[in-house]
Amino acid sequence: MKLPAAVSTYFTARAPEDGAAFAAAFAPEAIVHDEGQRHQGGPAIRDWWLAAKAKYRHEAVPLEVTEAGGKTWVRARVTGDFPGSPAVLTFTFGLRDGRIAELAIG
């Protein structure tokens, strides 16, 4: 399974030590939609990611990837400290110039 470099960074980054590399995978104006919240821009996205990692201590392992219409969909098994763990979630990435411009998790 071949993931675009920025998407691979999203799934392999470790908190908190990889916070800068994680944020660099996102375009400056990127938007993340998760748990009914919207996070925009590198600092806000990094803060969201670090807070989620601290709260849920989760890990997402890609199971399959599909690319079409300018989007990359990754189904991943997510395990951590949350009800229903493990769960299979879909991560929908919009990429621009090799960086994540938009991400929706659901």
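Since the model is a prediction, treat every value here as computed from it, not as a measurement.

Thresholds applied
Residues numbered from 1 in each chain as written. Predicted model: local features only at pLDDT ≥ 70, side-chain atom pairs only at ≥ 80, totals over all residues. Heavy atoms only, no water. Helix = DSSP H or I, 4+ residues; strand = E, 2+ residues; numbered from the N terminus. Buried < 20%, exposed > 50% of the residue type's maximum accessible area, 1.4 Å probe, protein only. Areas by Shrake-Rupley, 256 points an atom, 1.4 Å probe, with all protein chains shown as cover. Lys, Arg positive; Asp, Glu negative; His and termini not counted. Charge placed at Lys NZ, Arg CZ, Asp CG, Glu CD. Arc of directions from axis to C-beta. Phe/Tyr/Trp six-rings, centres within 6.5 Å; stacked < 30°, edge-to-face > 60°. Pairing = 2+ DSSP bridges. Axes fitted to C-alpha atoms, helices over the stretch in contact; angles between N-to-C directions. Contact = heavy atoms within 4.5 Å. Salt bridge = Lys/Arg side-chain N within 4 Å of Asp/Glu carboxyl O. Expected span 1.5 Å × (residues − 1).

(A) How the structure looks around the overall build of the protein chain. For the protein chain, the count of helices and strands is three helices and six strands. Tracing the protein chain from N to C terminus, the helices and strands come up as α-α-β-β-α-β-β-β-β. Overall, the C-alpha framework of the protein chain stretches about 35 × 30 × 25 Å when taken along its three principal axes. By the burial criterion, 35% of the 106 residues in the protein chain qualify as buried. When the accessible surface of the protein chain is totalled, it reaches about 5,800 Å², and 53% of it is carbon and sulfur. Charged side chains in the protein chain number 12 positive and 12 negative. The centres of these two groups are separated by 1 Å.

(B) Representation of helix α1 (residues 5-12) in the model. Those residues of α1 lying buried are Ala-6, Val-7, Tyr-10 and Phe-11. Take α1 and look down its axis: the buried residues cluster within an arc of 135°, on one side only.

(C) Focus on the packing of aromatic side chains. Considering all chains together, one arrives at nine aromatic pairs under this definition. Between Tyr-10 and Phe-22, the aromatic rings sit 5.5 Å apart at their centres with planes inclined by 40°, giving tilted as the arrangement. Residue Tyr-10 is found in helix α1, and its partner Phe-22 is found in helix α2 (residues 19-24); the two are separated by twelve residues along the sequence. An aromatic cluster is defined as three or more aromatic residues linked by ring pairs; in this entry it consists of Tyr-10, Phe-11, Phe-22, Phe-26, Trp-49, Phe-91 and Phe-93.

(D) A look at the sheet that holds strand β6 (residues 99-105). Read across the sheet, six strands follow the order β2-β1-β6-β5-β4-β3 without closing on themselves; strand pairing throughout is mixed. Where the open sheet ends on each side, the last strands, each with one partner, are β2 (37-40) and β3 (59-68). Put simply, the sheet's adjacent strands are angled 20° from each other on average, direction ignored. Across four bridges, the pairing between strand β1 (residues 26-34) and β2 is antiparallel. Opposite His-33, over in β2, you have Arg-38 as the bridge partner. Sitting on the sheet, helix α3 (residues 42-56) is in contact with β1, β2, β3 and β6, with an inclination near 40° to β1.

(E) Representation of the pattern of salt bridges. The final tally for this structure, using the stated rule, is five salt bridges. For Asp-81, the salt bridge identified is with Arg-57, shortest N-O distance 2.5 Å. Taken together, the residues span a long stretch of sequence, with Asp-81 in the loop between β4 (71-79) and β5 (87-96) and Arg-57 in the loop between α3 and β3 at a distance of 24 residues. Between Glu-64 and Arg-75 there is a salt bridge whose closest N-O contact spans 3.0 Å. With Glu-64 in strand β3 and Arg-75 in strand β4, the pair connects residues that are eleven residues apart, well separated along the chain.

(F) Region of the structure containing α3. The first and last C-alpha atoms of α3 sit 21 Å apart over 15 residues, in line with the 21 Å expected at 1.5 Å per residue. Listed as buried for α3 are Gly-42, Ile-45, Trp-48, Trp-49, Ala-52, Lys-53 and Tyr-56. Seen along its axis, α3 keeps its buried residues to an arc of 130°; they face one direction. Exposed side of α3, more than 90 degrees from the buried face: Pro-43, Ala-54 and Lys-55 are the residues found there.

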